[in-house]
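One-letter residues, chain by chain:
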Amino acid sequence: MPDIESLLKETRVFKPAPEFARSAYWNRKRVEEMRRLGERNPERFWARMAKEHVSWFTPWHTILKWKPPFAKWFVGGKTNVSYNCLDRHLTGEHAWRRNKAAIVWEGEPGDSRVLTYADLHREVSKFANVLKKLGIRKGDRVAIYMPMVPELAIAMLACTRIGAPHSIVFAGFSAESLRDRINDAGARAVITADGGFRRGGVIKLKQAVDEAVENAPSVEHVVVVRRTENPVDMRPGRDHWWHTLMAEASSQCPPARLDAEHPLFILYTSGTTGKPKGILHTTGGYLTHVTATAKAIFDLREDDTYWCTADIGWVTGHSYIVYGILANGVTTLMYEGAPNHPGLDRFWEIIEKYRVTVFYTAPTAIRTFIRWGEEHPKKHDLSSLRLLGTVGEPINPEAWMWYHRVIGGKRCPIVDTWWQTETGGILITPLPGGVPTKPGSATKAFPGIDAEVYDEDGKPVKPPNGGFLVLRKPWPGMLRGIWGDPKRFREQYWSKYKNTYFTGDGAHRDRDGYFWVMGRVDDVMNVSGHRIGTMEVESALVSHAQVAEAAVVGRPDEITGTAIVAFVTPKGDAEVDDSLRDALRKHVTREIGAIARPAEIRFTDALPKTRSGKIMRRLLRDIASGKESVGDTTTLEDYSVIARLRESEES
Ligand code: WTA
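Q: Please give an account of the overall build of the protein chain that cites residues and values.
A: When helices and strands are tallied, the protein chain shows 20 helices and 30 strands. Expected size for 651 residues packed as a compact globule is a radius of gyration near 26 Å; at 24 Å, the protein chain falls within 12% of this value. With respect to the three principal axes, the spread of C-alpha positions in the protein chain is 70 × 60 × 50 Å. Evaluated residue by residue, the protein chain yields a buried proportion of 64% over its 651 residues. Counting only contacts in the protein chain whose residues sit at least 6 apart along the sequence, the fraction spanning at least 24 positions is 70%. With an accessible surface of roughly 24400 Å², the protein chain has 49% of that area assigned to carbon and sulfur atoms.

Below you can see the structure in the form of structure tokens.
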């Protein structure tokens, strides 16, 4: 199989601003020192992180036990995640954090709440006692299906306090998906709410839970937070109001002393098959990884107001709204609702209102903001921002530049962070005080991480050729398995290369050793024997002045093997006709080369996305190849988009 050809040409480089670099927690010197240590002795590097960033009840005796593909980190060590996120900020050197905001919460209707570290500690302790009273013991699984309200974070932390692994199911998933996940994990309790607000409407969560639990025999209890006050059915014996249970709960609940490898949570993610995989994470290694990376990559300071716009139902929210941020004693902002409610400027209004300093969001959101127009951010004072981040997919250089200019006011470094549900925390990323950035590149591996790009035979490819992104050494936040399915764990991640983790992503490195992640390898096309990253074509399309968003898929073609089909959302004012098609083909040819020219361009007013904002490529591939059966659509945000896409065929 030929190498994935790297066709992206991006030559802009942004050095860390001297003022930022000087005061950064990891300045250039520290970055270099850590890189050296990480290369020489990754275990020692991680042990140093574990000592610096995590409080242990009992120290570990062995840093790593590695029997591929099974890793154990900090063996013999005992700790507790909620202790690290809460208790340690109330005593000793940081005791003053007691009255510091832990969670600043903004509801979609405009209501708001602030929980100090002392408040959060009390609520978590009480809810941990509630769980115990319901009979939940160490090791029992608890499913959580909630809107973005503080009780979600409280429930998670309470689970960690008693050692009951949580399984959070994103509230946008259907009852059916929820039931599958509850059953797979064998959850004994479900924590939910009457509803959640979304674009002014109410999502009826309790109703979905009722449906799901109908065929989920493991569930004994359902706890319901009152949020939207819509009527719900409460089944006596099984269903309990959160506020009723909390009113009677004691606020004394010592944290369980848990083994470093005690299961912390399961989080389901899509794989190449229809059945989601329950990714398992454990305690000490995960906590070390997310706490150290959050501190270094977001350059977290005592006076930061940090905002990650993800939903806690995804791994980004687990690691970088809750655990990694609270463990650092920093204020984390949580927003309940949609970015366009009531207006297209809601995010910028929130940044101005709370003086947000660090902002972490997804490229797909940025492209949406571009489409909405820069007048919306321009209405607000964004001068409090000092650092920006992106996650979830490759960012096209033009979106990066817009983010840099319009949101960052050209002064904020941007950290493009590459990682996965499976990796637990960030692995490839700039360090804002010490690593020059290039728009579209996640730059280099975090110290202690051994990332490489392999060819089909497991040999590192020569820059700038493309290949498969792999991780050659274990890291503390890595998944410990797929819940209940060790066979799939081996096959999925460890069978392509010996003792090496296969990410499923394609990437290439440039001559400076920078990584350019091109997206999932199943999204890479082979056109006339040339492999082309769909992302590269998309990036080219999006760099055209009249394009807001684009998604590119391959469709089988008799002559070329694969033909490129581009789904393009033009900007509001664009003339949509054949001359635009022509212009776009020319543009792609100019940006990349004739082999990347789309065979077909379909204009559409929207792309099919999951509620977390990922473009559903499999669906697009089906539509592009004229298949009637359109695969799993349970996570699709807007169903009507499918019909419109089918009609969009180029005449
Ligand atoms: C993609 C999200 C390019 C990648 C944390 C990965 C990225 C998948 C980036 C994991 C990035 C994530 N640049 N691609 N900065 N971050 N990805 O499990 O394809 O929802 O394999 O985890 O998102 O998605 P997941």
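Let's pick the thread back up.
Q: Now, about the site of the ligand: what can you tell me, with residues and values included?
A: Taken together, 16 residues lie around the ligand, and Asp416, Thr417, Gln420, Thr421 and Asp505 are the ones closest in. Residue threonine 417 places a main-chain N or O atom 2.7 Å away from a nitrogen atom belonging to the ligand. Between the ligand and the protein, one listed contact pairs an oxygen atom with a side-chain N or O atom of lysine 614 at 3.0 Å. Residue assignment for the shell around the ligand shows that the elements contributing at least two residues are helix H11 (315–326), strand E20 (414–417) and strand E25 (515–520). Within the shell around the ligand, the residues separate by chemical class into six nonpolar, five polar and five charged.

Q: Outline the layout of surface pockets, listing residues and values.
A: If you add up the space inside the second largest pocket, you get close to 350 Å³. Surrounding the second largest pocket, 19 residues form its lining, Glu39, Ala445, Phe446, Ile449 and Asp450 being those nearest its centre. The element best represented in the lining of the second largest pocket is helix H2 (residues 28–40), accounting for three residues. In terms of residue class, the lining of the second largest pocket is made up of seven nonpolar, three polar and nine charged.

Q: Tell me what's going on with the packing of helix H5 (residues 117–133) against helix H6 (residues 150–162), and back it up with residues and numbers.
A: Running from amino to carboxyl end, H5 crosses H6 at an angle of 65 degrees, the nearest separation of the two axes being 8 Å. Judged by the sense of rotation from one axis to the other, the crossing of H5 with H6 is right-handed. Along its contact with H5, which presents Leu120, His121, Glu123, Val124, Ser125, Phe127, Ala128, Leu131 and Lys132, the element H6 presents Ile154, Ala155, Leu157, Ala158, Cys159, Arg161 and Ile162. Residue classes in the contact of H5 with H6 are distributed as eleven nonpolar, two polar and three charged.

Q: Which residues make up the sheet that holds strand E7 (residues 166–168), and what values do they have?
A: Across the sheet, which stays open at both edges, the eight strands sit in the order E12-E11-E8-E6-E7-E14-E15-E23 with mixed pairing between neighbours. If you trace the sheet from one side to the other, it starts and ends with strand E12 (239–241) and strand E23 (481–482), each paired once. Contacts between H6 and the sheet are confined to strand E6 (142–145), E7, strand E8 (189–193), strand E11 (221–225) and strand E14 (263–269), with E7 contributing the most and set at about 155 degrees to the helix.

Q: Account for the domain arrangement of the protein chain, naming residues and giving values.
A: Here the protein chain is described as being made up of domain 1 (4–447 + 459–506) and domain 2 (524–646). Here the C-alpha centroids of domain 1 and domain 2 sit 31 Å apart.

Q: Describe the nonpolar core, and please don't skip the residues or the numbers.
A: Of all hydrophobic cores here, the largest spans 123 residues; its most connected members are Leu120, Phe127, Ile191, Phe298, Tyr306 and Tyr323. Take this core: its biggest share by element is nine residues, from H6. In this structure, leucine 120 is in contact with Leu86, Ala102, Ile103, Leu115, Ile154, Leu157 and Leu326, ignoring residues within four places of it in sequence. Membership of the second largest hydrophobic core comes to 29 residues, among which are Val104, Trp307, Ala399 and Ile407.

Q: With reference to specific residues and values, describe the environment of alanine 594.
A: Tracing the sequence through the fold places alanine 594 in the loop between helix H18 (578–591) and strand E30 (600–603). Note on alanine 594: relative accessible area 56%, which makes it exposed.

Q: Explain the packing of aromatic side chains to me, using residue names and the numbers behind them.
A: Across all of its chains, the model carries 39 aromatic pairs by this definition. Measuring from ring centre to ring centre gives 6.1 Å for phenylalanine 45 and phenylalanine 446, while their planes differ by 65 degrees; the resulting arrangement is edge-to-face. You can see phenylalanine 45 sitting in helix H3 (residues 42–53) and its partner phenylalanine 446 sitting in the loop between E20 and strand E21 (451–454), a full 401 residues away along the chain. Their ring planes at 90 degrees and their centres at 6.1 Å tell us that tyrosine 335 and phenylalanine 347 sit as a pair that is edge-to-face.

Q: How would you explain H6 if you had to name every residue and give the values?
A: An α-helix turns once per 3.6 residues; consequently, residues spaced three or four apart project the same way. If you check H6, its first and last C-alpha atoms are 19 Å apart, about what 13 residues at 1.5 Å a residue would give, namely 18 Å. Of all 13 residues in H6, 13 are buried, a share of seventy percent or more. Phi for glycine 163, located one or two positions after H6, is positive at around 80 degrees.

Q: Tell me about the sheet that holds strand E19 (residues 387–391), and please be specific about residues and values.
A: Each strand in a sheet pairs with its neighbour through backbone hydrogen bonds, running either in the same direction (parallel) or in the opposite one (antiparallel). On the basis of which strands lie adjacent, the open sheet formed by seven strands has the order E5-E4-E17-E16-E18-E19-E20 and mixed pairing. Only two strands of the sheet have a single neighbouring strand rather than two, namely strand E5 (112–116) and E20. Each strand of the sheet is rotated relative to its neighbour by a mean of 20 degrees, with strand direction disregarded. In this structure, strand E18 (residues 358–361) lies alongside E19, joined through four bridges in parallel fashion. Among the inter-strand pairings, tyrosine 360 is bridged to a residue of E19, identified as glycine 389. Here helix H15 (residues 397–407) sits on the sheet in contact with E18, E19 and E20, set at roughly 155 degrees to E19.

Q: Break down a negative patch on the surface for me, with residues and values.
A: A surface patch of negative charge is lined by Glu176, Asp180, Glu211 and Glu214. Mapped onto the negative patch, the elements with two or more residues apiece are helix H7 (175–185) and helix H8 (205–214). In this structure, glutamate 176 sits in helix H7.

Q: Requested: an account of the confidence of the model for the protein chain, with residues and values cited.
A: Detail in the predicted coordinates should be disregarded across regions flagged by low pLDDT. Averaged over all residues, the pLDDT of the protein chain equals 92, while 94% of them reach at least 70. With pLDDT under 50 throughout, residues 1–7 is counted as low confidence; its partners more than four residues away or in other chains account for 29 contacts.

Q: Go over the side chain of asparagine 396, please, and point to the residues and values.
A: Mapped onto the elements, asparagine 396 comes out in the loop between E19 and H15. The contact partners of asparagine 396, leaving out residues within four places of it in the chain, are Arg367, Met535, Ser539 and Val542.

Rules used throughout
Residues numbered from 1 in each chain as written. Predicted model: local features only at pLDDT ≥ 70, side-chain atom pairs only at ≥ 80, totals over all residues. Heavy atoms only, no water. Helix = DSSP H or I, 4+ residues; strand = E, 2+ residues; numbered from the N terminus. Rg over C-alpha atoms; globule rule 2.2 N^0.38 Å. Buried < 20%, exposed > 50% of the residue type's maximum accessible area, 1.4 Å probe, protein only. Contact = heavy atoms within 4.5 Å. Areas by Shrake-Rupley, 256 points an atom, 1.4 Å probe, with all protein chains shown as cover. Near = heavy atom within 4 Å. Polar contact = N/O pair within 3.5 Å; in protein donor to acceptor, adjacent residues only side chain to side chain. Nonpolar A, V, L, I, M, F, W, Y, C, P; charged D, E, K, R; others polar. 1 Å grid on protein atoms, 1.4 Å probe; cavity = no way out; pocket = protein on both sides within 12 Å on 5 of 7 lines; lining within 4 Å. Points joined across faces, edges and corners; volume = space filled by probe spheres on them. Axes fitted to C-alpha atoms, helices over the stretch in contact; angles between N-to-C directions. Left-handed = near helix turned anticlockwise from the far one by under 90°. Pairing = 2+ DSSP bridges. Domains from an automatic or database assignment. Core = buried A, V, L, I, M, F, W, Y, C linked by side-chain atoms within 4.5 Å. Phe/Tyr/Trp six-rings, centres within 6.5 Å; stacked < 30°, edge-to-face > 60°. Expected span 1.5 Å × (residues − 1). Patch = residues over 30% accessible without salt bridge, like charges linked within 9 Å, V, L, I, M, F, W, Y side chains within 5 Å. Salt bridge = Lys/Arg side-chain N within 4 Å of Asp/Glu carboxyl O. Lys, Arg positive; Asp, Glu negative; His and termini not counted. Charge placed at Lys NZ, Arg CZ, Asp CG, Glu CD. pLDDT = per-residue confidence, 0-100.

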